[in-house]
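One-letter residues, chain by chain:
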Amino acid sequence: MRILLTNDDGVGAPGIAALARALSEEHEVVVAAPAVEQSGMAHAMTVHRDIEVRAVQDFGVEGVEAWGIDGTPTDCVKVYLEAMAAREQWPELLISGVNKGANLGTDVLYSGTVGGALEGYMHGIPAVALSLDLHSSLAFDEAAAMFAEKLTWLCEQGGDYFLFNVNFPKRLRQNPPEFVWASLGHRDYKNAFERIERDGNLYYHIGGEPYDWDCDEHSDIRLAGEGFVTLTPLTADMTDIPALRARGVSSRFSGRLAE
């Protein structure tokens, strides 16, 4: 299978290298990832400057072609698919990750990891956003190997077209890991901004501790906390379907770009 890898941690990040190593044993893998870290960029796209593309000569995984792209995860996927690869060379699957840090609950709205996967999905390509808890007892190589072993099953679950958000927890409930279906929980952050006064200027630095609420037993936050690998189906359609149906209208948007 042809697989395109991207991320938001940057082309030199250990998570994407671990994933390339695990997948290239059985699949044709290409990397198109940001030249520098782009965390928190969600589905942002560069529109007011040129985007530099460079071949990465020292990516470090034999047989894997890697490109460092000076843009967001969305830029990386769009540039590779729409400008660099012939249509017949498009990947059969896009994977974004392995991200350094979980992307649980409403974090998916801000995540560059999810944004990169979403762009593949918008092009009609099955896609996975893959993340590892920042304090996990698992190394990137371990999580990537476990994911690679589950990849065939995952694709069978999704069929021809899907967007999955997958999170490895701090500690596995059991080994081999249990992959479970989960809904998105609700996550906010306490004391998210630090006030800084420097050289007569005022700054704020974003940070803080996660604050989770309304997370039932089916939520990804609760299940990841219990040691499961969570698997959440996502969609690009932000339509409020019940509101439309209440007005006698249906939505047929699939998330694909027009061909």
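Counting restarts for each chain, with residues numbered from 1 along the sequence as it is written. Totals for whole chains, interfaces and linings use every residue, but because this is a predicted model, local features are given only for residues with pLDDT of at least 70 and side-chain atom pairs only at 80 or more, for both listing and counting. Water and hydrogen atoms were dropped before computing side-chain values, which therefore reflect all heavy atoms in the structure.

A. The arrangement of the sheet that holds strand S7 (residues 163–168) in detail. Whether two strands pair comes down to DSSP finding at least two bridges between them. A run of H or I in DSSP becomes a helix once it reaches four residues, and a run of E becomes a strand once it reaches two; helices and strands are each numbered from the N terminus. In spatial order, the strands read S3-S4-S2-S1-S5-S6-S7-S13-S8; together these 9 strands make up an open sheet with mixed pairing. Only two strands of the sheet have a single partner each, and these edge strands are strand S3 (53–55) and strand S8 (179–181). With direction set aside, neighbouring strand axes in the sheet form an average angle of 20 degrees. Where strand S1 (residues 2–6) lies against strand S5 (residues 93–100), 4 bridges are found, and the strand directions are parallel. Bridged to Ile-3 within S5 is Leu-93. By definition, residues are in contact when any of their heavy atoms lie within 4.5 Å. Interaxial angle, 0 to 180 degrees, is taken between N-to-C directions of lines fitted to C-alpha atoms, where a helix line uses only the stretch in contact. Contacting S1, strand S2 (28–34), S5 and strand S6 (127–132), helix H1 (residues 14–24) runs over the sheet at an angle of about 135 degrees to S5.

B. Just the layout of surface pockets, in detail. For the largest pocket, the calculated volume is near 1200 Å³. Sorting the residues of the lining of the largest pocket by element identifies S5, strand S9 (186–190), strand S12 (209–213) and helix H5 (220–225) as the ones contributing at least two each. Under the scheme applied, nonpolar residues are Ala, Val, Leu, Ile, Met, Phe, Trp, Tyr, Cys and Pro; charged residues are Asp, Glu, Lys and Arg; polar residues are all the others, including Gly. Here the lining of the largest pocket is composed, by residue class, of 12 nonpolar, 13 polar and 13 charged. Volume-wise, the second largest pocket comes out at about 510 Å³. Those elements giving two or more residues to the lining of the second largest pocket turn out to be helix H3 (112–122) and strand S13 (229–233). No other element matches the 4 residues that H3 contributes to the lining of the second largest pocket. Of the grid points, spaced at 1 Å and generated over the protein atoms alone, those admitting a 1.4 Å probe that cannot get out make up cavities, while open sets with protein on both sides within 12 Å along at least five of seven lines make up pockets; any residue with an atom within 4 Å of a point is treated as lining. Grid points are joined across faces, edges and corners, and a volume is the space filled by probe spheres set on the points.

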